[in-house]
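Below are the chains, spelled out letter by letter.
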Amino acid sequence: MTHLPDLSAADLAALLASRLCHDIISPVGAVQAGLELLDEMPNDPEAMALVRRSTQSAVAKLQFARIAYGSSGSTVAQIDMGDAKTVAEGFMSFEKAELHWEGQRAYVPKNVAKLILNLIVIANASVPRGRTVTVRVEELEPRLRITLTASGKPLRVPATFRALLGGETMAEPIDAHGVQQYYTLLLARECGATITLAQEGETAVFSVERD
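Model, not experiment: these values are computed from the prediction. (Residues numbered from 1 in each chain as written. Predicted model: local features only at pLDDT ≥ 70, side-chain atom pairs only at ≥ 80, totals over all residues. Heavy atoms only, no water.)

### Description of helix H1 (residues 9-40)
Helix length check: H1 (32 residues) gives 46 Å between terminal C-alpha atoms against 46 Å at 1.5 Å per residue, within 8%. Along its length, H1 reaches its greatest deviation from straightness, about 35°, at Ile25, and the proline Pro27 lies no more than four positions downstream. Among all positions of H1, only Leu12, Leu15, Leu16, Arg19, Asp23, Ile24, Pro27, Ala30, Val31, Gly34 and Leu38 are buried. On its buried face, H1 is in contact with helix H2 (45-68), helix H4 (110-125) and helix H6 (179-191). (Helix = DSSP H or I, 4+ residues; strand = E, 2+ residues; numbered from the N terminus. Expected span 1.5 Å × (residues − 1). Bend = angle between axes of the 7 residues up to and from the residue. Buried < 20%, exposed > 50% of the residue type's maximum accessible area, 1.4 Å probe, protein only. Contact = heavy atoms within 4.5 Å.)

### Some thoughts on the sheet that holds strand E5 (residues 144-152)
With mixed pairing, five strands are arranged side by side in an open sheet as E2-E4-E5-E7-E6. Each end of this open sheet is capped by a strand with a single partner; those strands are strand E2 (98-103) and strand E6 (194-200). The mean angle between the axes of side-by-side strands here comes to 15°, regardless of whether they run parallel or antiparallel. For E5 and strand E7 (residues 203-210), the ladder comprises eight bridges, and the chain directions are antiparallel. (Pairing = 2+ DSSP bridges. Axes fitted to C-alpha atoms, helices over the stretch in contact; angles between N-to-C directions.)

### Notes on the UniProt feature "domain: Histidine phosphotransferase ChpT C-terminal" (unreviewed entry) in the chain
Taking the numbering used here, the UniProt-annotated feature "domain: Histidine phosphotransferase ChpT C-terminal" (unreviewed entry) corresponds to residues 82-202. With 39% helix and 28% strand, residues 82-202 has end C-alpha atoms that lie 29 Å from one another. (UniProt positions renumbered as here; feature names shortened; annotations may be inferred.)

Here's what the structure looks like:
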């Protein structure tokens, strides 16, 4: 099991809130910019398109965050993997990489769904110029077998994630940029699962296993 630095519940909540605000501020700011353009040029098609797409992006990110970071019901709630797939597709439709999701639809403990969604964020960040992120849900119960493959060039698995996964001592405390990667590994620990990373050429494979 990966050793993680100590982080209080209050600090974790605050850092995740900062991360969420960072993700949402860009599309919301674009909506504001589009509305200002419409004040100057009513019915301008480009301004309308900007407002429409930015609003869709903000909604997709919030729907994704509600499951990936939020409680989504009680602490013992289960989540439909079909719903997790839907919000993941919505989130990735505004990213450069194309998402492929393979596997069964079933209700799973919420932390399993949250773990997959958070790994999608890391896999997507690993291919900043895009190509593909593939999710394969091979087994959910009683064992857990899930793989995520990020393919693209350049391949850049976030350094904080690699350091945390390798159990390295962090030179700096966890900040808003690294908290999502910390949270992903925390979810894996809560699920009793192990994450391994294999990189070769333009491909990174994130494997989740629990016996």
